[in-house]
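Survey of secondary and tertiary structure
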Amino acid sequence: MKIALGGAAKGFLKLISGSIGARLISLIALPILSRLYSPDDYGYVTFVTALATIAVPVVTLRLESAAMLPREEEEVSSLARSALVSSIVLAPLYGLALWALSYLKVGDLWRYEYAYAWVVLLTLASAWFAVVSQLALRQKLYGEVAKRSLYQSGASAGVQLAFGFVRPTAFGLMTGQLAGSLVGIGAIFKRVRHYFRRPNRGVTKRTLWKYRQFPTWFTFSVFMNEVGLKAPVLLVGMVYGASATGQLGMAERLLGIPLALIATSVSSLVSAEFSEMVRTDIPRFAPTYLKMSAWLALPAVAITVFFVSVGPWFTSTFLGSSWAGTASLVQIMAIVYSLRLVASPLSGVLLVLQRARLTVMLDVLRVVLVGSAVGIVLYSGVDLSVAVTLLYGALSVVYVVTWFVGWRISRQHDERIIGTESAS
């Protein structure tokens, strides 16, 4: 049996080309935006975006990922429509809960007006963006997904620059981010709209029960994962203030450019190609897992060397004098981002193989390690650089463990398929 690695490679090249174009747009705009907007503005946006990111997999109940697996299109329609409906119901409830919590007045970021509304809008836009993107990947519309990335990045940067030259406030940054998501949705919706036709109610009930692990185990798992990932930003936002959050957010953005450039494309490829292997019972998980790991290891090493050696000089020159705090943070965070570049995309194997309990165990590990680091920071009152070292060091351990777990279950899956074929 053979897997069409040629097709996978072509899909990867299409996705990576779109990501390269999108990141180039962001990279060109970034030194201008960093001189137009203040660290406080970026701190507000970083904090609000972190809250929205945590909510996205919860409000969709992870049904957009389940939509990659059914053979019958009516089942796909059931899952896609259910994801949209759940997001429309749950996102406003999430915003209402945040509004109630704001009366605790933790940190200074809630002094910005309409933060709750922005969280709801970004959550909804990101949720719908995730749904239509997964449906496009199911059809292997790699070229359309690549164009979507370009349109999204261009719209976001364009709106932010326009507001920046007229009245640079956090409102302009938030509006640009929202505009990018909406344009991205519009770019591919026509190609996947047939999935949103009304399915038979009985089919919907049967399909939701069939893929019940996604709204239960996997939703909880991804929520825990996002809480662990965003805990550093939320902690810094509540303890060290808006300006420090802006510096950290800018460091994440710089390091996130290569991460988004490569990891997002490979994540899409992992989801599409490994889902097809599940549908066709092709025992090539382990070799493909190692090949994709090799693809990711080379840029990961290059990123680490670059940011550790010349990161502070590059950051201060590229962003401007207002971002001196970011220059030291990129060195601290470079290694963990490189580990994430390798482990994060390949963790999609756990989702495709529906290893829900194992995924939850890894996410609980992340929360325990990061939570321990949070406790140390709060108890000891360390400065920002030490806090970031502790928080991101905890994350690095999780990425190493995650890669080995993915490799192990890939081998086990292949062995099971081969054993079944031999028995028959």
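Residues numbered from 1 in each chain as written. Predicted model: local features only at pLDDT ≥ 70, side-chain atom pairs only at ≥ 80, totals over all residues. Heavy atoms only, no water.

Attention now goes to the overall build of the protein chain. Broken down by element type, the protein chain carries 15 helices and zero strands. Across the 424 residues of the protein chain, 55% fall into the buried class. For the protein chain, long-range pairs separated by at least 24 residues make up 87% of all intrachain contacts whose partners lie at least 6 apart in sequence. For the protein chain, the exposed area adds up to about 18300 Å²; of that, 66% sits on carbon and sulfur atoms. (Helix = DSSP H or I, 4+ residues; strand = E, 2+ residues; numbered from the N terminus. Buried < 20%, exposed > 50% of the residue type's maximum accessible area, 1.4 Å probe, protein only. Contact = heavy atoms within 4.5 Å. Areas by Shrake-Rupley, 256 points an atom, 1.4 Å probe, with all protein chains shown as cover.)

For the rest of this paragraph, the subject is the nonpolar core. The biggest cluster of nonpolar side chains holds 84 residues, and the ones touching the most others in it are Leu30, Tyr42, Tyr44, Val48, Leu248, Met333 and Tyr392. Core analysis: the second largest hydrophobic core is formed by 28 residues, Leu69, Val131, Leu137 and Tyr142 among them. (Core = buried A, V, L, I, M, F, W, Y, C linked by side-chain atoms within 4.5 Å.)

The next point concerns the pattern of salt bridges. Inspection of the entire model under this criterion finds one salt bridge. Here Arg62 makes a salt bridge to Glu64, at a shortest N to O gap of 3.2 Å. No difference in accessibility class separates Arg62 from Glu64, as the two residues are buried. (Salt bridge = Lys/Arg side-chain N within 4 Å of Asp/Glu carboxyl O.)

Contact geometry of helix H11 (residues 285-319) with helix H12 (residues 324-346) gives a least axis separation of 8 Å together with a crossing angle of 170°. One way to sum up the angle between H11 and H12 is to call them roughly antiparallel. Considering only the axes of H11 and H12, their crossing is right-handed. Residues of the contact of H11 with H12, tallied by class, amount to 19 nonpolar, seven polar and no charged. (Axes fitted to C-alpha atoms, helices over the stretch in contact; angles between N-to-C directions. Parallel < 35°, antiparallel > 145°, perpendicular 65-115°, else oblique. Left-handed = near helix turned anticlockwise from the far one by under 90°. Nonpolar A, V, L, I, M, F, W, Y, C, P; charged D, E, K, R; others polar.)

Summary statistics for the protein chain give a mean pLDDT of 81 and a share of 87% for residues scoring 70 or more. Counting interchain partners and residues more than four positions distant, the pLDDT-below-50 stretch residues 1-5 has 10 contacts. (pLDDT = per-residue confidence, 0-100.)

Moving on, we get to the packing of helix H6 (residues 142-166) against helix H7 (residues 170-192). Orientation of H6 relative to H7, taken along the N-to-C sense of each, is 155°, at an axis distance of 7 Å. When the axes of H6 and H7 are compared, the pair comes out roughly antiparallel. The two elements H6 and H7 meet at a crossing, and its hand is right-handed. Residue classes in the contact of H6 with H7 are distributed as 11 nonpolar, 10 polar and three charged.

This brings us to the side chain of Ser181. Structurally, Ser181 can be placed in helix H7. Judged by its relative accessible area of 7%, Ser181 falls in the buried class. Beyond its immediate sequence surroundings of up to four residues, Ser181 is in contact with Ala125, Ser126, Phe129 and Gln152.

It is worth spelling out the packing of aromatic side chains at this point. Where two aromatic rings form a pair, the distance of their centres and the angle of their planes describe that pair. Within the structure shown, the criterion is met by nine aromatic pairs. The interplanar angle of 75° and the centroid separation of 5.6 Å between the aromatic rings of Phe163 and Phe171 together place this pair among those described as edge-to-face. Owing to a relative accessible area of 30%, Phe163 belongs among the partly exposed residues under this scheme. The exposure class assigned to Phe171 is partly exposed, which follows from its relative accessible area of 45%. Among the aromatic residues, ring-to-ring pairing joins Phe306, Phe307, Phe314 and Phe318 into one connected group. (Phe/Tyr/Trp six-rings, centres within 6.5 Å; stacked < 30°, edge-to-face > 60°.)

Now for a nonpolar patch on the surface. A contiguous nonpolar patch, built from Val85, Val89, Leu93, Leu96 and Trp99 and spanning about 490 Å² of accessible area, is present on the exposed surface. As for its position among the elements, Leu93 is in helix H4 (residues 73-101). (Patch = residues over 30% accessible without salt bridge, like charges linked within 9 Å, V, L, I, M, F, W, Y side chains within 5 Å.)

Relative to the helices and strands, Gly406 is located in helix H15 (residues 384-423). Of the residues examined, Gly406 reaches a relative accessible area of 2% and is grouped as buried.

Now for the environment of Tyr44. Of note, Tyr44 is situated in helix H2 (residues 39-59). With 201 residues separating them along the chain, Tyr44 and Thr245 place their C-alpha atoms 7.7 Å apart.

In this section: H7. With 23 residues, H7 extends 33 Å between its outermost C-alpha atoms, agreeing within 8% with the 33 Å of an ideal straight helix rising 1.5 Å per residue. Along H7, the largest kink reaches about 30° and is centred on Gly186. (Expected span 1.5 Å × (residues − 1). Bend = angle between axes of the 7 residues up to and from the residue.)

Bringing unusual backbone geometry into the picture now. In this model, Leu61 sits at a positive phi of 60°, which is unusual for a non-glycine residue. The residue Leu61 is located in the loop between H2 and helix H3 (63-66) in this model. The residue Arg62 is not glycine, and still its phi comes out positive at about 60°. If you trace the backbone, Arg62 turns up in the loop between H2 and H3.

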